[in-house]
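These are the residues of each chain, in order.
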Number of protein chains: 2
Amino acid sequence: MATKWVYFFGNGKTEGQVGNKVLVGGKGANLAEMVDMGIPVPAGFTITTEACTEYYRNDKNWADGLEEQVRKNVKKIEEAMGKAFGDSENPLLLSVRSGARVSMPGMMDTVLNLGLNDTTVEGLIKKSGEERFGWDSYRRFIQMYGDVVMGVEHAKFEKALDEVKEAKGVELDTELDAADLKELVAKYKAVVQEDAGKLFPEDPMEQLQGAVNAVFESWDTPRAVRYRKMNDIPGDWGTAVNVQAMVFGNMGQTSGTGVAFTRDPSTGENVFYGEYLMNAQGEDVVAGIRTPKPIKALEDDNAEVYKQLVEIYQHLESHYKDMQDLEFTIEDGTLYMLQTRNGKRTAAAAVRMAVDMVEEGLIDKKTAVNRVEPAQLDQLLHPMIDPNTEYEAIAKGLPASPGAAVGQIVFDAEVAEEWVNNGKKVVLVRNETSPEDIGGMDVAEGVLTARGGMTSHAAVVARGMGKCCVAGCGDAKINEAAKTLTMNGTTLKEGDWLTLNGTTGDVVVGKVDLIEPQLTGNFGTLMEWADEFRQLGIRTNADTPHDSATAREFGAEGIGLCRTEHMFFEGDRIKAVRQMILASNQEGREKALAKLLPYQKGDFLGIFKAMKDLPVTIRLLDPPLHEFLPHEDDDIKELADDMGVSFDELKATVESLSEMNPMLGHRGCRLGVTFPEIYAMQARAIFEAAAELTIDGDTVIPEVMIPLVGTPKELQLMKDVCDNEAKAVMDEKGVNFDYRVGTMIEIPRACLLADQIAEDAEFFSFGTNDLTQMTFGYSRDDAGRFLPSYTELGILEKDPFQSLDQAGVGQLVEMGVERGRAVRSDLKIGICGEHGGDPDSIDFCHRAGLDYVSCSPFRVPIARLAAAQAAIRNGQ
Amino acid sequence: MATKWVYFFGNGKTEGQVGNKVLVGGKGANLAEMVDMGIPVPAGFTITTEACTEYYRNDKNWADGLEEQVRKNVKKIEEAMGKAFGDSENPLLLSVRSGARVSMPGMMDTVLNLGLNDTTVEGLIKKSGEERFGWDSYRRFIQMYGDVVMGVEHAKFEKALDEVKEAKGVELDTELDAADLKELVAKYKAVVQEDAGKLFPEDPMEQLQGAVNAVFESWDTPRAVRYRKMNDIPGDWGTAVNVQAMVFGNMGQTSGTGVAFTRDPSTGENVFYGEYLMNAQGEDVVAGIRTPKPIKALEDDNAEVYKQLVEIYQHLESHYKDMQDLEFTIEDGTLYMLQTRNGKRTAAAAVRMAVDMVEEGLIDKKTAVNRVEPAQLDQLLHPMIDPNTEYEAIAKGLPASPGAAVGQIVFDAEVAEEWVNNGKKVVLVRNETSPEDIGGMDVAEGVLTARGGMTSHAAVVARGMGKCCVAGCGDAKINEAAKTLTMNGTTLKEGDWLTLNGTTGDVVVGKVDLIEPQLTGNFGTLMEWADEFRQLGIRTNADTPHDSATAREFGAEGIGLCRTEHMFFEGDRIKAVRQMILASNQEGREKALAKLLPYQKGDFLGIFKAMKDLPVTIRLLDPPLHEFLPHEDDDIKELADDMGVSFDELKATVESLSEMNPMLGHRGCRLGVTFPEIYAMQARAIFEAAAELTIDGDTVIPEVMIPLVGTPKELQLMKDVCDNEAKAVMDEKGVNFDYRVGTMIEIPRACLLADQIAEDAEFFSFGTNDLTQMTFGYSRDDAGRFLPSYTELGILEKDPFQSLDQAGVGQLVEMGVERGRAVRSDLKIGICGEHGGDPDSIDFCHRAGLDYVSCSPFRVPIARLAAAQAAIRNGQ
C-alpha cells in the first residue's frame, strides 16, 4: 500500500490523526480533534511530518504519491466548503501553515489567501461585494508569497507601494482605493518577475506546491535550527503542513467574526465572555477602529448562530477541562471555529477557576493545583495598580519587588521616617541603598534605585519586606545632594508624587490608583490543596517578629534564615557595634558586646514567640565589619566626635578594614574564628531567650547556623563556641531546651567536603546566593554590567541569581546533599536565599531531596504551590 | 617464654632490633644500627613500645618482667662502660629519652644526668676534677627531674635561683661558684619536697623508674595527642624509651667533644669538616664562649682518636650513602659517637654532593634527584646576602620573592625609573603596588610593601620578574606623600640605603654584602637527570621577550601563561587603552584598538622569536577595565586635561566602572563577550605576528587562551572571534600556520561543566589562583586578615594560595581533567599560576595526569626537579 502522506479534516470527518502529534504536528492534531468533536471548522488537510523528512531525504522533492494525495484532498475541501480552487465565481482560498510536534512560535512560515490570481480575485470581489477588499487581499497575497516562497526582498514591495502612494499624493495605505490597489498588484507582479527572475504563478496548484515547499524548508532556516538547538528539538522531526480553507467574516451583514472566553479571564467568573463584529475581519476586532459588541448581543444578530456558539463553547470547555480562548468567523451565516486554546487569565481568575472547576466536578484537585502559575500568585499578595487604569511610564527599571507604590519622593532614609511620622506616604529614591537605609525602606511605600540589579541590597530587602521596589533604573539621574530626580528630561523634587509599579518596573510621575490585595476563600482553598501534595517544607526568611508573623499567616512552617546583622543597625545598637569594632582588644570587644546582648536577646524573644512550636534558623553575623562603619569623611567625623576618638584614628580604622573584594573577605565564620566573642554573644542571646521561653512553658526550636563555612574545622570551632554557651545558659537558668547547630553551605568547597562538614553539622542550609556568586565567579553587585548581555546572547538561559543554575550550581548542591547524608543519613537540608521562592528552583530542590525551602514571607504561598507542583510533576 | 621488653646496645653488641622501628622506635633502631656497624656508642638499652602500651593497658604499671630486665641491662651498661650506677668513685650517669616510631620533635620528655645524688656527685667531681661542674650538673638534674618527673612548677626553681643570686649580689648564673650551687641543690630539694609533697629520690633505680614512667606518660599529654592527631599518628603506637650511658667531654685534657660533617655543608666539597674542643661539653662548642678548633687539629691533639674518627665518618657516609652530621665525645681518651644523621646543607652543597656521589658510585641518579629539596634551588638563582655576613633586621615582612636587594629608597615608580636612568640602584617602597608601578618595579633592585600577602600584586609580579620582594611588612609605616619610611622608631627618607632579604622577609637599614648566583656545571647535570625522570612538561609564565629568554635558559619548554594586560601599560599604549575605555561606542573603541594593534603585534613577535619552536599560550585581556584608569582626583584631572574631556565626565566614567568586587566583576571573557572588538584586536595581533614569522621560515605555535570561562557558550563565541581573525589573517597574508584556541579553567563552574567546555576547547589551563579564590570564597587581596590565624589554628594546613588545596580545589581539578578528557581524549591540560612552581602542587599535577605545569621563570628549575621527584615518588 502506498504511504498515506495527507490527512483530511472537515465536515465532521477525520482520518484517525487525532492525538498523533508525531505524525501531523500539534496544530494538525488539534484541528482534527475539533472536527472529531463535531465542531464546525473550515475544512483542510495536514501533510505529515514524514512527508517533510521524505522531502529532505529526497533532495527536496515531493514523496511519491504526495502530489496525487494533495490534489484529492483539495477536492475534498472544495466539496466540504462548496467552493472551487481557482474558480472565478466562488473561489476556494487556502491558508498554508507549518505545524511541528511542538510549538515553535514565529519560527516558521505561513501563507494566507493562497489561490488568488487575476481570475479568482474577481470571484472574491463578487462574493464579498467589496472591490477594494479583493484587490487588497490579492496584493497582500503576492507580497507574502513573493517574500516567503519566492525569496523576493521585502523592501522592493515597499518601494513599489511608496511609488503608488506618491503618485496618488497620499500618505496612508488606507487612502488607496480599489483602482490604486489593482495597479499595485501589477507593480508587485513586476517586482516578483524582476527580483525572482520568473513570473508570479497564476496557477493555484503551482502556488500551493510552492507554499508547501516553503513551509518544509522553513524547518531548516538558520533561525529555526538555532531555536531547535536551544530547545533540544531533534532536527529529524520535520514539520507538518496544514492546508485549510480560508473563511471570511466580511462577506456582508450575514458574516462576522469574534473572540470569546468560556469564562471571564479577569475575574474567573463562570460566564460566557467575549466580543464580535459583523461584516468584519479578525483584525478589525482587535485593532479598535470599530467598537466590537459584547458576545451576548450576537443572540440578537443571529440567534441560531449564537445558540450554536454557546453549545460549542460548553462542549469545548468540558472537553478540554479548562477555560478556552476561542476565535470564530461567520461566513455568510455559517459558523466556523478557527481556533481554541487554553485562555490566558489573571492570577485571581486562575485561582477562582481552578477551585470552581473542582467544585463543578470538571477537574480534580491535582489538576487544580497544576492550573495556577506559582509566580502569578505574587499579583494577589500586594497592592497593585488598578488594571483598568491607564498610565504613562516616564522610565522603566527592573521589576525588583512586585506590587505598586504611590508616595511623595524623599531622597534620604531619615527624612522618610520623619515624613511618615508626620502622616505622609513616601517613596524612597536612592542611587542605591545600604543597610543604614533599612529604617527608611521599612516605612516607605516603595523604593526606587538608579543602580543595582534584581539582587541588589534594595531588591533583596524590599522583597523580604514584601515592599514594592523598582531597582537599577538607569534613566533615573538622582542628585541626592540637590534632592532632585531627573528622568528623561523631567526633573522632580522632594515631595513630588511618584508611582512605582514593581511588577513591571514602570516609574510614573504623579499618583495612579491602586487596588488592595484580597486573599479570598478560593485562595485559601487552593493553598490547602497544594499542602496536600507537597513534600517540601516551606520556611521563611525573616528577621523581625512582624515578618515572622506575616510569613506564618502565609503558611510558613518555621524560619529558614533569620539574619542577625540587620538587628545590629537599629537605634542605639549601631553605636555599641561600632565600639566593638573599634576596640583594640578582646576585652574592649567583650565590653561592647555586653551592651548588645540584651538587644539581641529581645530580638530573639520576639521572633521565637511569633514562631512558637516551629524551628527558627538563626544565622550568626555574616557581613564584614566595615559595613557597620561610615565611609564618607563627614560621617566619619561625626562618628569620631560621637565616640571621642580623633578623626584620623577613625579614618585609619575605616581604611584598614576596607576590602578589595568584601564578598570574599573577612566575613561569616571568619569573623567568628578571629573574634569568637562575637558569636559567643549571639549564641548566648539565642539561648537565654530560648531558656526564658522554655521556663514560660513555650516550645522553641532554635537552630544556630554558622555562615560561610569552607573547612570542617571552622564549623567545629564555632560549634564548640555555641555548645559552650548553651551549656552555660542551661546551667545558669536550670532548664533544658533542644537546639541544633548547623551550617550554611554556600562556598563551593563546602559542597566538595560536605561529608567531613556533616560530621559536626546537625543541619545544612544551602545559601545559593553566595554559592552562585562563587561557582560562577559573579558578584551580584557588579554582574549587572554583563548579565543582561549574557541572557540576551543565550550564554545563560536565565539570570542565575533568580533561578538556580541547575547545570552548574545544581551539581554542587546535589554533591552536598549526597555527601552530607552519606555521613549523617538524617541530616536536615534546606535552602535559603532568593532561589527558595523560585518555582523552577523549588522543583530542583524537590528532586535533590531537600527537606525544605525558605523564602521571603511574600513568596511563601508561591513556594507552597510550586512545591506541590514539583511533587506532582515528579510523580509523588 | 617471658616477653622481651628491653633490648641492649653497646660494646659492639645488639639484640636484633636494628631496623625494627615498630618495636624500639626510630632512635633505638638507629643507635643499635651504629653499634652493629662497630661504631663506638655509649652503651644503653631500649625499652620497647610494647612495654609502653602494656603500661597503659596495665593502669600505668610496669609490665611483668620489665623491672628485672631493666636491672639486668643497667648492669650490662655498667660492664660496658666500666662504671657503676650509684657509685661514689666512678658513677654511671644515664640519659632517658623517648623514641617513637616516627619523630615527634619536642613533643615528649627527656631526662639527663640521671643517677646523680649526694653520693655520686662527689664521684663526678673526682673524675672531672671540676667541683663547680659537679654541683651545676646536680642542680640541673634536680630541676629537670623535678619538672619532668615530679611535676614541680618551673617558676619555683627560678625563684630559688634568684634568691641565691640576690643573696650573693650577682646577676648571672655563671657568677655562682661551686659553694653557691651546692647551696642551690639543697634549696632545689626543698622546693621539690614542698611542691611535690615528697622527697627528691636519692636512689638511682627509683630515679630511673620515675623517668621511664614520665617518658611513657609524655606520650599522652594533650600536646602530644594534638600533634598525633594533626599528623595522623595512631595513639596505640606508644613510645619506646632509650636509656643510655652519659659520657663527658670535660673530664680533663684527655677528654673533648665536637661536631663534624662528612662533607662541607656549605659548598658540598668532599672534605672532612667540623670542629671540636678538648675538655669541654657539647654546648661549649655551640655556644661560642670558647673558640673551637678545626677538626684537622685533632690529629695533633690525639692522632689515634682522629684516625678512628676518620674511619668512622667514612664508614657512616658509605653506609648511609649521604652526608652525615656527627656528634662525638672523647671521654678520657675514648671516642664515643653520640649521634649521626643526614646533615643539613646549603642548596649549592646539596647539588654538588648529589652529583659527586653519583660520580663516586655511591648513589644512583634517581637518588641524586631526590636528594635536593626543590624549594632550596631558589637560593641558587638569585643574588643573596652573603651567608657569612651578620646583620640586624629592623623589621620583618613576608618573604614574598626570594633573593636580596640593596638600594636607595624611592617611594614612587616614576622616580625609580629616573634614578636608575641616572645610574643609581633603588629599592621601591610602596604601601602596595598596582599595575602602574610595573616600570618602577622592573628597574628596582627589590620591592618592599607595607600591605598585601604572598600573592599580592607586588609579590606575584616580583616573583615573575625574579626580583626580590618583601611584602606585607606591617611594621613599615610608609608616608608616600612625605616620602618617609618609619620602622620600629627609625625613620628613613628617600635616598637612604636599604637592604631586603626576600628569602627571609628581613628588612635591614643600610647596605649588606650580596653574592651573585652561580649556576655551576653540577646544577646543569642535576637538571638533566631530573629531565630524564619527569613526565610533566615545564612551561613558564612570561609576558616579555626578556622573561621568555630567561625562562628558556632555565629550561622552560614553552609559555604556559603570557598575560597581555601588562603590555597595555607600557609607554604610550596606556593612552590608547584609555581612549578605548572612554569611547562611547564600538566605532570609537575600534579606532583606539587600531592604535594598539601594532604594539601588541610587536610584543608577540618578540615573544614568539624568543620561544621559537615552542608553544606560547597567550591569555587575552583579563582585568576589569577600571584597572587601566586612575582613581585619585589629581590623576583623573591630569588625564582629563590630557584627553580633552572634562574632569566631571572622566570622574563619572571612572566611578561608573568601579566595582564592589572587581575579582568577580566585568573581566576576563566577560569583556570579550561585551566588547568582542578587544579580543578580535588581540587575536589579530597574535596571528599577524605568527603569519609574519611563518613567512620568515620560523615555526611558531600560538595557543590563544580565553580567560574566566564559566559557560560553554562563552568559549564558543570567543573561539569564533579568534577563528575568524585567524582565517582573515591567513587569507590576507597568504600563509598557513597552526594555532589552538583553549581556555583557562579557573571558575568552579568550568570544572563542573568541563565536558561541555571541552567540546570547543583545544586545551585547558587550570588557573588555580582564581579557582582557589572562588572555591574557598577567599579574596587574595583581603585574606591576609584571617589566613594567618587559619594556619595557626590548624583550620588550614597551608596557605592555599601557596600550595594547592588538594582536598577541595584538587577535587575540582580532577573533575575538570576527567570530564574534559572524556569528551576530548587528547585534550592538552596544564596549570598556570602560582601553584605551578610549588613542589607539593606539582606532585598533585603529576598524579592528576596533567601534561604540564607553568611557573615564573625563576621557578622553572624548581619545577623541573619537583616534577622528576613526583614521577619517582609516584612510581614512574
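Residues numbered from 1 in each chain as written. Chains lettered and ligands numbered in written order. Predicted model: local features only at pLDDT ≥ 70, side-chain atom pairs only at ≥ 80, totals over all residues. Heavy atoms only, no water.

### A look at the overall build of chain A
From N to C terminus, chain A includes 34 helices and 34 strands. Each of the three principal axes of chain A carries a C-alpha extent, and together these read 100 × 60 × 55 Å. In chain A, buried positions account for 58% of the 876 residues. Put simply, chain A shows about 35,000 Å² of open surface, and 45% of that area lies on carbon and sulfur atoms. The positive charge centre, built from 90 side chains, and the negative charge centre, built from 141, are 2 Å apart in chain A. (Helix = DSSP H or I, 4+ residues; strand = E, 2+ residues; numbered from the N terminus. Buried < 20%, exposed > 50% of the residue type's maximum accessible area, 1.4 Å probe, protein only. Areas by Shrake-Rupley, 256 points an atom, 1.4 Å probe, with all protein chains shown as cover. Lys, Arg positive; Asp, Glu negative; His and termini not counted. Charge placed at Lys NZ, Arg CZ, Asp CG, Glu CD.)

### Things to note about the pattern of salt bridges
The full count for this structure, using the stated rule, is 126 salt bridges over all chains. Arg684(A) is the partner of Glu688(A) in a salt bridge, and the nearest nitrogen-oxygen pair spans 2.9 Å. Note that Glu688(A) and Arg684(A) are positioned in helix H26 (residues 676-695) at a spacing of 4 residues, about one turn of the helix. We note that Glu688(A), like Arg684(A), is buried. The closest approach of N and O atoms between Lys719(B) and Asp723(B), which form a salt bridge, is 3.0 Å. Highlighted residues: Lys719(B) and Asp723(B), both in helix H27 (residues 712-733), separated by 4 residues, approximately one helical turn. One salt-bridge network, in which partners are shared between bridges, spans Lys601(A), Arg684(A), Glu688(A), Glu692(A), Glu725(A), Glu732(A) and Lys733(A). (Salt bridge = Lys/Arg side-chain N within 4 Å of Asp/Glu carboxyl O.)

### Concerning empty space enclosed by the protein
Summed over the entire model, instances satisfying the criterion amount to 2 cavities of 30 Å³ or more. Taken as a whole, the largest cavity spans an internal volume of roughly 50 Å³. Around the largest cavity, the lining residues are Asp378(A), His382(A), Ser401(A), Pro402(A), Arg463(A), Gly466(A), Ser856(A), Phe858(A) and Arg859(A). In the lining of the largest cavity, the residues fall into 2 nonpolar, 4 polar and 3 charged. When its volume is computed, the second largest cavity comes out at roughly 40 Å³. Along its surface, the second largest cavity is lined by Asp378(B), His382(B), Ser401(B), Pro402(B), Arg463(B), Gly466(B), Ser856(B), Phe858(B) and Arg859(B). Classifying every residue of the lining of the second largest cavity by side-chain character gives 2 nonpolar, 4 polar and 3 charged. (1 Å grid on protein atoms, 1.4 Å probe; cavity = no way out; pocket = protein on both sides within 12 Å on 5 of 7 lines; lining within 4 Å. Points joined across faces, edges and corners; volume = space filled by probe spheres on them. Nonpolar A, V, L, I, M, F, W, Y, C, P; charged D, E, K, R; others polar.)

### Some details on the interface of chain B and chain A
With 47 residues of chain B in contact, the opposing surface of chain A contributes 47 residues. Both sides of the chain B and chain A interface together cover about 4,300 Å² of buried area, and 58% of this is carbon and sulfur. Counting the surface chain B buries against chain A, the share from its top three residues, Leu664(B), Arg749(B) and Arg785(B), is 16%. In this structure, the connection of chain B to chain A is made through 4 salt bridges. At the boundary of chain B with chain A, the tally comes to 30 residue pairs in polar contact (both at pLDDT 80 or more). Elements with a contribution of two residues or more to the side of chain B that touches chain A: helix H24 (647-657), helix H25 (669-674), H27, helix H28 (748-752), helix H30 (768-776), helix H31 (787-792) and helix H32 (809-823) of chain B. Residues belonging to the side of chain B that touches chain A are distributed by class as follows: 23 nonpolar, 14 polar and 10 charged. (Contact = heavy atoms within 4.5 Å. Buried area = accessible area lost by both parts, 1.4 Å probe. Polar contact = N/O pair within 3.5 Å; in protein donor to acceptor, adjacent residues only side chain to side chain.)

### Brief notes about the nonpolar core
Phe608(A), Ile706(A), Phe608(B) and Ile706(B) are the most contacted members of the largest nonpolar core, which has 290 residues in total. When near neighbours in sequence (up to four residues on either side) are disregarded, Ile706(B) contacts Leu620(B), Cys669(B), Tyr679(B), Leu715(B), Met718(B), Cys722(B), Val741(B), Gly742(B), Thr743(B) and Met744(B). (Core = buried A, V, L, I, M, F, W, Y, C linked by side-chain atoms within 4.5 Å.)

### Observations regarding unusual backbone geometry
Residues and elements named next belong to chain A. A positive phi angle is found at Asp332, which is not glycine, with a value near 50°. Inspection of the secondary structure puts Asp332 in the loop between strand E12 (324-331) and strand E13 (334-342). Backbone geometry at Asn488 places phi at a positive 45°, although glycine is not the residue there. Relative to the assigned elements, Asn488 resides in the loop between strand E22 (484-487) and strand E23 (490-493). Assessed through its relative accessible area of 51%, Asn488 is described here as exposed.

### A word on the relation of the copies chain B and chain A
Mapping chain B onto chain A calls for a rotation angle of 178° and an axial translation of 0.3 Å; the resulting RMSD is 0.6 Å. Here the symmetry operator amounts to a two-fold rotation axis. The fraction of interface residues of chain B whose copies in chain A are also interface residues reaches 100%, indicating that both copies meet through the same surface. (Least-squares fit on C-alpha atoms with pLDDT ≥ 70 in both.)

### Thoughts on the confidence of the model for chain A
Mean pLDDT over chain A stands at 92; residues scoring 70 or higher make up 99%. Scoring of the predicted complex yields 0.82 for pTM and 0.81 for ipTM. (pLDDT = per-residue confidence, 0-100.)

### So, the packing of aromatic side chains
Each aromatic ring pair is summarised here by two numbers: the centre-to-centre distance and the angle between the ring planes. Here the structure, examined in full by the defined rule, presents 42 aromatic pairs over all chains. With a centroid separation of 6.5 Å and an interplanar angle of 50°, the aromatic rings of Phe272(B) and Tyr306(B) are classed as tilted. Taken together, the positions of Phe272(B) in the loop between strand E9 (256-261) and strand E10 (273-278) and Tyr306(B) in helix H12 (residues 303-320) put the pair 34 residues apart, joining distant regions of the chain. Of the two residues, Phe272(B) and Tyr306(B), neither departs from the other in class, the shared state being buried. Here the aromatic cluster, defined as three or more aromatic residues joined through ring pairs, consists of Phe776(A), Tyr778(A), Phe786(A) and Tyr790(A). Looking at Arg228(B), its charged tip hangs above the ring of Trp219(B), at a distance of 4.0 Å from the centre. When the ring centre of Trp497(B) is taken as reference, the NZ or CZ atom of Lys511(B) above it lies at 4.1 Å. (Phe/Tyr/Trp six-rings, centres within 6.5 Å; stacked < 30°, edge-to-face > 60°. Lys NZ or Arg CZ within 6 Å of the ring centre and 35° of its normal.)

### Quick notes on helix H33 (residues 839-847) of chain B
All names here are of chain B. With 7 of its 9 residues buried, H33 lies for the most part within the structure. Buried residues of H33: Pro839, Ser841, Ile842, Asp843, Phe844, Cys845 and His846, and no others. Each element contacted by the buried residues of H33 is listed here: H32, strand E33 (828-832), strand E34 (852-855) and helix H34 (860-873). Phi turns positive, to about 85°, at Gly849, one or two residues after H33.

### Describing the sheet that holds strand E22 (residues 484-487) of chain B
Residues and elements named next belong to chain B. On the basis of which strands lie adjacent, the open sheet formed by 3 strands has the order E21-E22-E23 and antiparallel pairing. Edge positions in the sheet fall to strand E21 (476-479) and strand E23 (490-493), since each has one partner strand and no second. Averaged over all neighbouring strand pairs, the angle between strand axes comes to 20°, with direction disregarded. Pairing between E22 and E23: 4 bridges, direction antiparallel. Across the sheet, Met487 pairs through a bridge with Thr490, a residue of E23. (Pairing = 2+ DSSP bridges. Axes fitted to C-alpha atoms, helices over the stretch in contact; angles between N-to-C directions.)

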